[in-house]
Amino acid sequence: MGATGDKVKGRYSFIYMLEDGQWKIAHHHSSVMPEEHSGASASSAPIADDEVRSLFSLWNNALATLNPDEVAKRYSKAPCLLPTVSDVPRTDYDSIKAYFVDFLKKEPQGTILESYVTSGPDWCMDDGIYEFTMGATGDKVKARYSFVYAKEGDEWKIAHHHSSQMPEEVVAKASLPEGVLA
């Protein structure tokens, strides 16, 4: 890397949008791999893929309470929430709770449609596609998701949560002639 030539393994994601006939990067996220910086001991018991997937139920059950405090408690001490319907990254308890005050009015309940699990000592990641049914309206919303969980004491907490609209919906709308969506 840089002047030293050291190699660093990392994760990345890009979201592209069509602007003026050109594909442009609308969002880019990259980070070093959490196992290299977690400080976890090599003796930590691995978490099974099914157990990782079940962590979503804890969060989804918190949504079902319609209590933003219960949802915010699912996040770690140093969280990052990049929500679907807000341009504001939420990086602390109060901002995450504030986001869910409005979101919970829709009475969301999620179902995982596709899940891809990766894990290491004291961390795990579940990413894929989920769909929400909004109990208040019956609307269904499909989105991509990433949950990175970290072990805090004996509990798994959400350290990073990224949710975004399906790109097919964004591209399809961007491709329509002006005035069609009005």
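Parameters and conventions
- Residues numbered from 1 in each chain as written.
- Predicted model: local features only at pLDDT ≥ 70, side-chain atom pairs only at ≥ 80, totals over all residues.
- Heavy atoms only, no water.
- Helix = DSSP H or I, 4+ residues; strand = E, 2+ residues; numbered from the N terminus.
- Expected span 1.5 Å × (residues − 1).
- Buried < 20%, exposed > 50% of the residue type's maximum accessible area, 1.4 Å probe, protein only.
- Pairing = 2+ DSSP bridges.
- Salt bridge = Lys/Arg side-chain N within 4 Å of Asp/Glu carboxyl O.
- Axes fitted to C-alpha atoms, helices over the stretch in contact; angles between N-to-C directions.
- Contact = heavy atoms within 4.5 Å.
- Phe/Tyr/Trp six-rings, centres within 6.5 Å; stacked < 30°, edge-to-face > 60°.

Engineer: Help me understand helix H1 (residues 49-64) in this model?
Structural biologist: Because an α-helix completes one turn every 3.6 residues, residues spaced three or four positions apart along the sequence face the same direction. Taking 1.5 Å as the rise per residue, H1 with 16 residues should run 22 Å; its terminal C-alpha atoms sit 24 Å apart, in good agreement. Once H1 finishes, leucine 66 follows within two positions and takes phi at roughly 60°, a positive value.

Engineer: Could you clarify how one ought to interpret the pairing of strand S7 (residues 155-165) in this entry?
Structural biologist: For a regular strand, the rule is simple: side chains alternate between the two faces of the sheet. Among the eleven residues that make up S7, nine are buried, leaving the element largely enclosed by the rest of the structure. Here strand S3 (residues 75-82) pairs with S7 via four bridges, running parallel. Its bridge partner lying in S7, cysteine 80 is registered against histidine 160. The pairing of strand S6 (residues 140-152) with S7 spans ten bridges and is classified as antiparallel. Paired with phenylalanine 147 across the two strands is histidine 161, which belongs to S7. Counted between consecutive antiparallel strands, the loop separating S6 from S7 contains two residues, among which glycine 153 sits at a positive phi close to 65°.

Engineer: Mind showing me how you'd approach the pattern of salt bridges here?
Structural biologist: A side chain of one charge can pair with a side chain of the opposite charge when the charged atoms of the two come close. A full pass over the atoms with the stated rule returns six salt bridges. A salt bridge links lysine 73 to aspartate 69, with the nearest nitrogen and oxygen atoms 3.5 Å apart. Connected through shared salt-bridge partners, Asp69, Glu70 and Lys73 make up one network.

Engineer: It is not clear to me how the sheet that holds S6 should be interpreted in this structure. Could you clarify?
Structural biologist: Picture the strands of a sheet paired through backbone hydrogen bonds; they go either parallel or antiparallel. The strand order across the open sheet built from five strands is S3-S7-S6-S5-S4, with neighbouring strands paired in mixed fashion. With partners counted over all chains shown, the strands left at the sheet margins are S3 and strand S4 (108-120), one partner each. Across this sheet, the average inter-strand angle for adjacent strands is 20°, counted without regard to direction. The sheet strands contacting H1 are S3, S4, strand S5 (123-134), S6 and S7, and the helix crosses S4 at an angle near 150°. Contacting S3, S4 and S5, helix H3 (residues 93-103) crosses the sheet at an angle of about 50° to S3.

Engineer: Explain the packing of aromatic side chains to me, please; I cannot follow it from the model alone.
Structural biologist: Geometrically, a pair of aromatic rings is defined through the distance of the ring centres and the angle of the planes. If you walk through the whole model with that rule in mind, you get 17 aromatic pairs. Relative to phenylalanine 103, the ring of tyrosine 99 lies with its centre 5.8 Å away and its plane at 15°, an arrangement referred to as stacked. Of this pair, tyrosine 99 and phenylalanine 103 are both found in helix H3, four residues apart, which corresponds to roughly one turn of the helix. Residues tyrosine 145 and phenylalanine 147 carry aromatic rings whose centres are separated by 5.7 Å and whose planes lie at 50° to one another, so their mutual orientation is tilted. The structure contains a cluster of three or more aromatic residues connected by ring pairs, namely Phe56, Trp59, Tyr75, Tyr99, Phe100, Phe103, Tyr130, Phe132, Tyr145, Phe147 and Tyr149.

Engineer: Help me understand the environment of valine 148, please; the structure alone is not making it clear to me.
Structural biologist: For valine 148, the location among the structural elements is in strand S6. Overall, valine 148 belongs to the buried group, its relative accessible area being 7%. Between the alpha carbons of valine 148 and cysteine 80 there is a distance of 9.7 Å; along the sequence they are 68 residues apart.

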